[in-house]
Amino acid sequence: MNDQTLFSIFFSAMVVNNFTLALFLGLCPFMGVSARVETALRMGLANIFVLTLTSLAAWFLNTYVLENAPYLRIISFIIVVASLVQIVEMVVKKIAPVLFRQLGIFLPLMTTNCAIFGLAIFQTNRGYDFLQGIVFAIGAGLGLTLALVLMASIRETSELSDIPAIAKGTGLTLIIAGSLSLAFMGFAGLL
Amino acid sequence: MRTTTPSQDFVRGIWKENPVLIQMLGLCPALAVTNTLKNALAMSAATFFVLTCSSVLISSVKSLIPKEVRISSYILVIATFVTLADMLLQAYAPVQHKELGAFIALIVVNCMILGRQEAFSSRNTVYRSLLDAIGVGIGFTIALVMMGGFREILGIGTLFDIPLFGPNFEPWVVMVLPAGGFLMLGFIILGLGVFEQRKKSREAAAA
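The shown structure was predicted, so the numbers you read here are calculated from the model rather than taken from an experiment. (Residues numbered from 1 in each chain as written. Chains lettered and ligands numbered in written order. Predicted model: local features only at pLDDT ≥ 70, side-chain atom pairs only at ≥ 80, totals over all residues. Heavy atoms only, no water.)

### With respect to the overall build of chain A
Across its full length, chain A holds nine helices and zero strands. Scanning chain A from its N terminus toward the C terminus, one meets helices and strands in the order α-α-α-α-α-α-α-α-α. Against the globule reference of 16 Å for 191 residues, chain A gives a C-alpha radius of gyration of 17 Å, in line with a compact fold. Seen along its three principal axes, the alpha-carbon backbone of chain A occupies a region of about 60 × 45 × 25 Å. Of all 191 residues assigned to chain A, the portion counted as buried reaches 52%. In chain A, the share of contacts with a sequence separation of at least 24, taken over all contacts with a separation of at least 6, comes to 78%. (Helix = DSSP H or I, 4+ residues; strand = E, 2+ residues; numbered from the N terminus. Rg over C-alpha atoms; globule rule 2.2 N^0.38 Å. Buried < 20%, exposed > 50% of the residue type's maximum accessible area, 1.4 Å probe, protein only. Contact = heavy atoms within 4.5 Å.)

Here it is, written out as structure tokens:
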């Protein structure tokens, strides 16, 4: 068991050990959907939702099913994530078709989002209990959203500035991400 | 699909379509565990193993997998090999296993591996898929070794734990921290861009 306080788990997942900027999880959407602030925000919110569900499912699986078979963890977690994303997709399509259209391809792509799978693995490795897991998931989701929105705002602004042709594209995005990551290192002393 | 020769299948992944540097796939491991050369090598070896085994297995049973459930089937095959790699590393290289930690399990969601299965192994023979997997695996290794080598030299001043510079060397600590990963990959990609542009303008001048 882990005896960290809920607040420190939440804060650590959100800023100090930000999933994207410190642990490099969920980089694909970070690079792919961070061109517009609005899309980035929606992607972040969808992430919080799926992360929380995954945390719940992983906790149940760990406590009641996988106690005697830890070697099946990787396989069963990935199946849980894949089916969860599928279910969420169907439910959203049924009850909120507008949101479904707005999210588009990013919803199914969440299956191979390492942030979701990574959350399940980290939560297990650190031995979080039920409540700690949920708080961890929400913190991580908010952290992802924060990183996505910050990145998107910087990219929107940088489109108007005069950048040498050679630097446009991925290279620049990575270096901006590096500077953001540097800024987030400033939080390291907080906990 | 039959327009390429087997040797092209092999060479393509190494540089021209390098998974990390050109296609930007598999970025998470490329950034997260390349703070030293040793970690980069362990990660490349594990990924190489998983990629090659799953490519061979999937290309040999491709006619048995129904189209509707192919992605889930691929993920299951990959997850099985990742579990194997995890256990092998734990048994034979416990130090590296501890350093890499959760990132071994995260090979499952490396989009590069799933991408190769979907784009290549599901439509080609076992032999060609093997060549393709080895090529892409080598390309991945090259990218990771570049990252790991540069970051270790600049950030710690050593290579394979052997000190390279005199005692007066002040290590560039930020390079082994997360921010350094983003910066280093950004610089490498910018460098490649300059290189490509020069080549293009030379070709244009020659023509």
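Past the structure itself, the notes keep going.
### Examining the interface of chain B and chain A
Between chain B and chain A, the residue contacts involve 35 residues of the former and 35 residues of the latter. Between chain B and chain A, a total of about 3,000 Å² is buried, with carbon and sulfur atoms accounting for 89% of that surface. Where chain B packs against chain A, one counts zero salt bridges. Our count for the contact surface shared by chain B and chain A stands at one residue pair in polar contact (both at pLDDT 80 or more). Elements supplying a minimum of two residues to the side of chain B that touches chain A: α2 (27-32), α4 (70-92), α6 (102-105), α7 (111-121) and α9 (178-206) of chain B. (Buried area = accessible area lost by both parts, 1.4 Å probe. Salt bridge = Lys/Arg side-chain N within 4 Å of Asp/Glu carboxyl O. Polar contact = N/O pair within 3.5 Å; in protein donor to acceptor, adjacent residues only side chain to side chain.)

### Looking at the packing of helix α3 (residues 37-65) of chain A against helix α8 (residues 130-158) of chain A
All names here are of chain A. Running from amino to carboxyl end, α3 crosses α8 at an angle of 165 degrees, the nearest separation of the two axes being 8 Å. It follows that α3 is roughly antiparallel to α8 by the angle criterion. The crossing of α3 and α8 is right-handed. (Axes fitted to C-alpha atoms, helices over the stretch in contact; angles between N-to-C directions. Parallel < 35°, antiparallel > 145°, perpendicular 65-115°, else oblique. Left-handed = near helix turned anticlockwise from the far one by under 90°.)

### Side note on the environment of Ser73 of chain B
Residue and element names in this part refer to chain B. Structurally, the position occupied by Ser73 is in helix α4. Among the residues examined, Ser73 registers a relative accessible area of 18% and is labelled buried. Along the sequence, Ser73 and Ile58 sit 15 residues apart, while their C-alpha atoms lie 9.0 Å from each other.

### Digging into the nonpolar core
Judged by nonpolar contacts, the single largest core of 107 residues is most densely connected at Phe19, Leu25, Phe30 and Phe117 of chain A together with Leu185 of chain B. Of the residues forming this core, the biggest block, 10 residues, is contributed by helix α4 (residues 73-95) of chain A. In contact with Phe30 of chain A, other than residues within four places in its own chain, are Thr20, Leu21, Ala147, Leu148, Met151, Arg155 and Ala177 of chain A. (Core = buried A, V, L, I, M, F, W, Y, C linked by side-chain atoms within 4.5 Å.)

### Points about a nonpolar patch on the surface
Residue and element names in this part refer to chain A. Where nonpolar side chains cluster on the molecular surface, the patch consists of Leu6, Phe60, Tyr64, Val65, Phe130 and Leu131 and spans about 600 Å² of accessible area. Elements represented by at least two residues in the nonpolar patch include exactly α3 and α8. Within the fold, Val65 resides in helix α3. You can call Val65 exposed: its relative accessible area is 56%. (Patch = residues over 30% accessible without salt bridge, like charges linked within 9 Å, V, L, I, M, F, W, Y side chains within 5 Å. Areas by Shrake-Rupley, 256 points an atom, 1.4 Å probe, with all protein chains shown as cover.)

### Side note on the pattern of salt bridges
Residue and element names in this part refer to chain B. A complete count under the given rule lists nine salt bridges over all chains for this structure. A salt bridge links Glu17 to Arg12; the shortest N-O distance between them is 3.9 Å. Among the salt bridges present, the one from Arg116 reaches Asp132, with a minimum N-O distance of 3.1 Å. Highlighted residues: Arg116 in helix α7 and Asp132 in helix α8 (residues 126-155), separated in sequence by 16 residues. Both residues of the pair, Arg116 and Asp132, count as buried. One connected set of salt bridges, linked through shared partners, spans Asp9, Arg12, Glu17, Arg116, Arg128 and Asp132.

Worth remembering: the numbers are spatial, not functional.
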